[in-house]
Amino acid sequence: MIVDLNHGSGFIYGRIGHAISVSDRINALIDAALVARNRRQTPRDYLGGSRIGEPCVRKLVYEVTHTPKDEGRDFDGAILRIFDAGHQFETLSIRWLRSAGFDLRTERADGGQFGFEAAGGKLRGHIDGVIVAGPDVGLRWPVLWEHKALNAKSWNDLVKRGLRASKPVYFAQVQLYMGYLELETALVTALNKDTEALHHEVVGFDPPCAQALSDKAVDILRAAAAGELPPRIAAARDFYLCRICAYAERCWEGER
């Protein structure tokens, strides 16, 4: 590498003359650290309640059995930064709600997360919190509380169409949580990451929906335990969900 000391440009020049900025080098180090941290994490040994709304059951079996993703499809630094930022936005929303008088509990007395386990621990869910008391806003406490940080386009769609139509995976998540935690209502707080606007949607418990999701989880776990793959979600590889799936190569070019 050749450093141009005659210019305070903040660029380092590679052997073929391409400028690599200091910013690019720092970001590469940050992303590499995030990827390394993610790889050190112990994979889940259970089906998460936050994933049960995924429409492709074959994909969920791949996830439960820790099947490797297609080459180059693991989470990169850019995605991991988004995940990290989401946790920070959640922390802000918790602070704001508590300052407004809502008794929002986000962890047990021992410091662990609230949640549930079923199917011998093979199905689990960890919730963002429970509001046990608060100002009169037309809700009966306690209510499940879930938080989502969304970009402006996604946030606007949620506000316009509602959680069930706009974010079916999130809708399924809160239904399953309410079912196992015996709560009748969920309050989903969505934060617009571009403007910091907040939207709060009340979601009522739908028992048939929750039961269907629980049955779906059992089918997935049985298939995983038996080493079986459920049918593909589509008849052709160009289906829109297949085009973005991290298991597409394995799914469509494998033996099954």
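Each residue is numbered by its place in its chain's sequence as written, counting from 1. With pLDDT at 70 or above as the cut-off, local features in this predicted model cover only qualifying residues; side-chain atom pairs require 80 or more to be listed or tallied, and sums for whole chains, interfaces and linings still use all residues. The side-chain figures draw on all heavy atoms in the structure; neither hydrogens nor water molecules are used.

- The name an unreviewed UniProt entry gives the protein is PD-(D/E)XK endonuclease-like domain-containing protein, with Aquibium oceanicum as the organism.

Digging into the overall build of the protein
- Numbering of helices and strands runs from the N terminus, with a helix taken as a DSSP run of H or I at least four residues long and a strand as a DSSP run of E at least two residues long. Secondary structure summary: the protein contains 9 helices and 10 strands in total.
- For every residue, the accessible area (1.4 Å probe, protein chains only) is compared with the maximum for its type, and the residue is labelled buried under 20%, exposed over 50%, or partly exposed between those bounds. Looking at the protein as a whole, 38% of its 256 residues are labelled buried.
- In what follows, residue pairs with any heavy atoms lying within 4.5 Å of each other are defined as contacts. Within the protein, contacts between residues separated by at least 24 positions form 62% of all contacts whose residues are at least 6 apart in sequence.
- For the area figures, the Shrake-Rupley method with a 1.4 Å probe applies, and any residue is considered shielded solely by the protein chains shown. When the accessible surface of the protein is totalled, it reaches about 15,200 Å², and 53% of it is carbon and sulfur.

Observations regarding a nonpolar patch on the surface
- Together, Phe75, Ile79, Ile82 and Phe83 make up an exposed nonpolar region whose accessible area comes to about 340 Å².
- Tracing the sequence through the fold places Phe75 in the loop between helix H2 (57–64) and helix H3 (77–99). Residues with no salt bridge and a relative accessible area higher than 30% make up the patches, which join like charges within 9 Å and nonpolar side chains (Val, Leu, Ile, Met, Phe, Trp, Tyr) within 5 Å. The term salt bridge refers to a side-chain nitrogen of Lys or Arg lying within 4 Å of a carboxyl oxygen of Asp or Glu.

Thoughts on the packing of helix H1 (residues 22–40) against H3
- Packing of H1 against H3 brings their axes to within 9 Å, and their N-to-C directions diverge by 75 degrees. On the basis of the axis angle, H1 is roughly perpendicular to H3. Where H1 approaches H3, its residues Asp31, Leu34, Val35, Arg37 and Asn38 are matched on the opposing element by Gly77, Ala78, Leu80, Arg81 and Asp84.
- Throughout this entry, Asp, Glu, Lys and Arg are counted as charged residues, while Ala, Val, Leu, Ile, Met, Phe, Trp, Tyr, Cys and Pro are counted as nonpolar. The remaining residues, Gly among them, count as polar. Taken together, the residues that form the contact of H1 with H3 break down as 4 nonpolar, 2 polar and 4 charged. Lines fitted to C-alpha atoms define the axes here, with helix axes fitted over just the stretch in contact, and angles between the N-to-C directions of these axes take values from 0 to 180 degrees. For this classification, under 35 degrees means roughly parallel, over 145 means roughly antiparallel, 65 to 115 means roughly perpendicular, and everything else is oblique.

Some remarks on the pairing of strand S10 (residues 198–204)
- Only one face of S10 is covered, namely the face carrying His199, Glu201 and Val203; the face carrying Leu198, His200, Val202 and Gly204 is uncovered.
- Strand pairing requires that DSSP identify at least two bridges connecting the strands. Here 7 bridges tie strand S9 (residues 185–192) to S10, and the two strands are oriented antiparallel to one another. Paired with Ala186 across the strands is Val203, a residue of S10.
- Between S9 and S10, which follow one another and run antiparallel, lie 5 residues, and Glu196 among them has a positive phi close to 65 degrees.

Some details on the environment of Arg51
- Among the structural elements, Arg51 can be located in the loop between strand S3 (47–48) and H2.
- C-alpha of Arg51 to C-alpha of Ala224: the two residues are 173 residues apart in sequence and 15 Å apart in space.

Concerning the packing of aromatic side chains
- Pairing of aromatic side chains requires ring centres within 6.5 Å, counting the rings of Phe and Tyr and the six-membered ring of Trp. Pairs whose planes differ by under 30 degrees are stacked, by over 60 edge-to-face, and all others tilted. Counted by the stated rule, this structure contains 5 aromatic pairs.
- Between Phe102 and Trp141, the ring centres sit 6.0 Å apart and the planes meet at 80 degrees, which makes this aromatic pair edge-to-face. Remark: Trp141 occurs in the loop between strand S7 (129–133) and strand S8 (143–150) and Phe102 occurs in the loop between H3 and strand S4 (103–105); sequence separation between them is 39 residues.
- With 4.6 Å between their ring centres and 5 degrees between their planes, Phe116 and Tyr180 make a pair best called stacked. Taken together, the residues span a long stretch of sequence, with Phe116 in strand S5 (residues 115–118) and Tyr180 in helix H6 (residues 168–181) at a distance of 64 residues.
- Here a set of aromatic residues connected by ring pairs shows up, and it is made of Phe116, Tyr177 and Tyr180.
- As a reminder, the over-ring test applies to NZ of lysine and CZ of arginine, requiring each to be within 6 Å of the ring centre and within 35 degrees of the ring normal. In this arrangement the basic side chain of Lys148 is found over the ring face of Tyr170, its NZ or CZ atom lying 4.2 Å from the centre.
- Against the face of Trp252 rests Arg232, its NZ or CZ located 4.5 Å from the ring centre.

Quick word on the side chain of Asp128
- Position of Asp128 relative to the elements: it lies in the loop between strand S6 (123–126) and S7.
- Not counting residues within four places of it along the chain, the set of residues in contact with Asp128 comprises Glu90, Arg105, Thr106, Trp145, Glu146 and His147.

Quick word on H2
- Burial analysis of H2 places 6 of its 8 residues in the buried class, which makes it a mostly covered element.
- Of all the positions in H2, only Arg58, Lys59, Leu60, Val61, Tyr62 and Val64 are classed as buried.
- Contact partners of the buried residues in H2: S3, helix H7 (207–226) and helix H9 (248–253).
- His66 lies just past H2 and shows a positive phi near 55 degrees.

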